[in-house]
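Listed below are the residues making up each chain.
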Amino acid sequence: MIPATAPKSQQQGILLVNPGGPGASGLPWAPILAGGLPKSLAARYDIVGFDPRGVGSSVPALSCDPSFFSGPRPNYIPANAAAEHVLINRAKTYATDCGRRFGWLLPHMTTEDAARDMDAIRAAFGVSKVNYYAFSYGTYLGQVYATLFPERVRRMVLDSSVDPTGVWYADNVDQDYAFQGRTEAFFAWVARYDGTFNLGRTPAQVQAAWYRARNQLLAHPVNGTIGADEFDDTFQLGAYEDAYWPGLAQALSSYLNTGQAGDLITQYQTLGTQNENEYAVYNAVQCSDVNWPRNWSSWTSDAERIYAKAPFLAWDNAWYNAACAFWPVKGPAKPLQIKGTGLPGILMLQGTLDAATPYAGAQNAHKLLPSARMVVVEGGGNHGQSMEQPSDTCVQGYLNSYLATGALPTTPGLVNATCPPVPAPTP
């Protein structure tokens, strides 16, 4: 917690923050948020970060197979039925290991459980209402909390919102197409700076270079750890944040043009490494929130269909979620129905080109929250529109006003205010 320092008469209560996941640690986000707000505004709140159940410093911290991400891993894109079977068995084994190690806990890892934990935090502070600030999956946690405890919400900021109607299989399919668009935007950006990176003057040439590197790593992993999957995981982060583009492009350039892997190793260590605790919680929550397809052939047919149009993430995303096909806990047939009645004004922030939480899905959430007002960043592709570096001053202005006074944009409809995106980076 970063405690409020303003005079008691100016303080506005606790502000819980969640960065998403599910599975991401919220503890670092109290100082991040305190540092990203104007000092006079941060001083009015007790800013509280927390690790949701199963995460990080919570006890127990979920871990099903600590070696699961030891690379290089089997190619996400299966070359044949035998290769696919290897990956299916990996997913089955992971689900089985989770059940064996934490079978007593897995039935109690849903988003509703996490929302009730949030209310326990509220009760521990002895207050009747909470303020809440969340990104990505944390926005779904906020939607669920608001549905269960509408009378306990004071203010709520939802940055890059999950579509609650697609939880979780359909949401992942929607992601695949959105990630393809963001990856193609990255290729186009690299092509614009061919003089710097020497990877091609057209997006198609850059894409070909990227796949050439992927194939080389598949055949000859770097350091015995960075193969095709680890390469994918690293570059996937570029779809989340424009600011990563220069470093990723330089890593690709030095690897292909000079045979040097140092930059690629650095990018992998910074962006591509996977946290198995986070992955275990991700599965435990999403696989239990709602029942997933249990017939693997339907996953295969969907992945093949998506791959034909959006190859970048189609198989990667399928395997990342595949344990849910074999999960020891079966969730309900349909996700929790989000209800927006009885809520105060909510501020939503959303980029139109966000890949992880696509714009159309965020608007589905908006429709279910009639008291919400959305600030739309037109042409913004970053996942998370606030607390960015460089800062979007337009977005921060709406955010600061809301947290200070509860003020919201007044334009009616689904787009209540617009902001321009921050400019694309330069090498």
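Residues numbered from 1 in each chain as written. Predicted model: local features only at pLDDT ≥ 70, side-chain atom pairs only at ≥ 80, totals over all residues. Heavy atoms only, no water.

Peer 1: Can you lay out the pattern of salt bridges for me, pointing to particular residues and giving the numbers?
Peer 2: Here the structure, examined in full by the defined rule, presents 10 salt bridges. Ionic pairing is found between Glu230 and Arg73, a salt bridge with its closest N-O pair at 3.1 Å. Of the two residues, Glu230 is situated in helix H9 (residues 228–236) and Arg73 in the loop between strand E2 (46–49) and helix H3 (81–102); the sequence distance between them amounts to 157 residues. Exposure class is identical for Glu230 and Arg73. Each is buried. The structure contains a network of salt bridges with shared partners spanning Asp119, Arg122, Glu151 and Arg152. (Salt bridge = Lys/Arg side-chain N within 4 Å of Asp/Glu carboxyl O. Helix = DSSP H or I, 4+ residues; strand = E, 2+ residues; numbered from the N terminus. Buried < 20%, exposed > 50% of the residue type's maximum accessible area, 1.4 Å probe, protein only.)

Peer 1: Please give an account of the environment of Asp65 that cites residues and values.
Peer 2: Note that Asp65 resides in the loop between E2 and H3. Expressed as a C-alpha distance, the spacing of Asp65 and Tyr279, which sit 214 residues apart in the sequence, is 10.0 Å. Not counting chain neighbours up to four residues away, the residues in contact with Asp65 comprise Tyr94, Asp97, Arg101 and Glu276. (Contact = heavy atoms within 4.5 Å.)

Peer 1: Describe the packing of helix H8 (residues 203–219) against helix H10 (residues 245–258), with residues and values.
Peer 2: Where H8 meets H10, the axes come as close as 10 Å, and the angle between the chain directions of the two elements is 70°. With respect to H10, the element H8 is oriented roughly perpendicular. Our pair here, H8 against H10, has a crossing hand that is left-handed. From H8, Ala209, Trp210, Arg212, Ala213, Gln216 and Leu217 reach across to H10, where they touch Leu252, Tyr255 and Leu256. Partitioned by chemical class, the residues of the contact of H8 with H10 number seven nonpolar, one polar and one charged. (Axes fitted to C-alpha atoms, helices over the stretch in contact; angles between N-to-C directions. Parallel < 35°, antiparallel > 145°, perpendicular 65-115°, else oblique. Left-handed = near helix turned anticlockwise from the far one by under 90°. Nonpolar A, V, L, I, M, F, W, Y, C, P; charged D, E, K, R; others polar.)

Peer 1: I'd like a description of the side chain of His383, backed by residues and values.
Peer 2: In this fold, His383 is placed in the loop between strand E6 (372–377) and helix H16 (393–405). Among the polar contacts made by the side chain of His383, one reaches the side chain of Ser136 at a distance of 2.8 Å. Excluding anything up to four places from it in sequence, His383 contacts Ser136, Ser160, Tyr240, Glu241, Asp354, Ala356 and Thr357. (Polar contact = N/O pair within 3.5 Å; in protein donor to acceptor, adjacent residues only side chain to side chain.)

Peer 1: I'd like a rundown of the nonpolar core, residues and numbers included.
Peer 2: Counting residues in hydrophobic clusters, the biggest one holds 71 residues, and the most contacted among them are Leu62 and Trp327. No other element matches the seven residues that H3 contributes to this core. Aside from chain neighbours lying at most four places away, what touches Trp327 is Ala95, Cys98, Leu106, Asn283, Ala284, Cys287, Ser288 and Arg294. (Core = buried A, V, L, I, M, F, W, Y, C linked by side-chain atoms within 4.5 Å.)

Peer 1: Quick rundown of the sheet that holds strand E1 (residues 14–18)? Include the residues and the values.
Peer 2: Strands belonging to one sheet form pairs held by backbone hydrogen bonds; the direction of such a pair is parallel or antiparallel. Taken together, seven strands build an open sheet; the order of strands is E2-E1-E3-E4-E5-E6-E7 and the sheet is parallel. Among the strands making up the open sheet, the edge pair consists of E2 and strand E7 (417–419). Direction aside, neighbouring strands of the sheet carry axes that sit 20° apart on average. Across four bridges, E1 lies against E2 in parallel orientation. (Pairing = 2+ DSSP bridges.)

Peer 1: With reference to specific residues and values, describe the packing of aromatic side chains.
Peer 2: A full pass over the atoms with the stated rule returns 33 aromatic pairs. Centre to centre, the rings of Tyr133 and Phe135 are 5.3 Å apart; their planes meet at 35°, and the pair counts as tilted. One exposure class covers both Tyr133 and Phe135, and it is buried. Put simply, the rings of Phe186, Phe187, Trp189, Tyr193, Phe197, Trp210, Tyr211, Phe231, Phe235, Trp245 and Phe312 touch in pairs and so form one group of aromatic residues. One residue, Arg90, lies across the ring of Phe68, its end atom 4.1 Å from the ring centre. (Phe/Tyr/Trp six-rings, centres within 6.5 Å; stacked < 30°, edge-to-face > 60°. Lys NZ or Arg CZ within 6 Å of the ring centre and 35° of its normal.)

Peer 1: Account for helix H11 (residues 262–272), with residues named and values stated.
Peer 2: Listing the buried residues of H11 in full gives Leu264, Ile265, Gln267, Tyr268, Leu271 and Gly272. In a view along the axis of H11, the buried residues occupy a sector of 165°, so they form one face of it. Exposed and facing more than 90 degrees away from the buried side of H11 are Gln269 and Thr270. (Arc of directions from axis to C-beta.)

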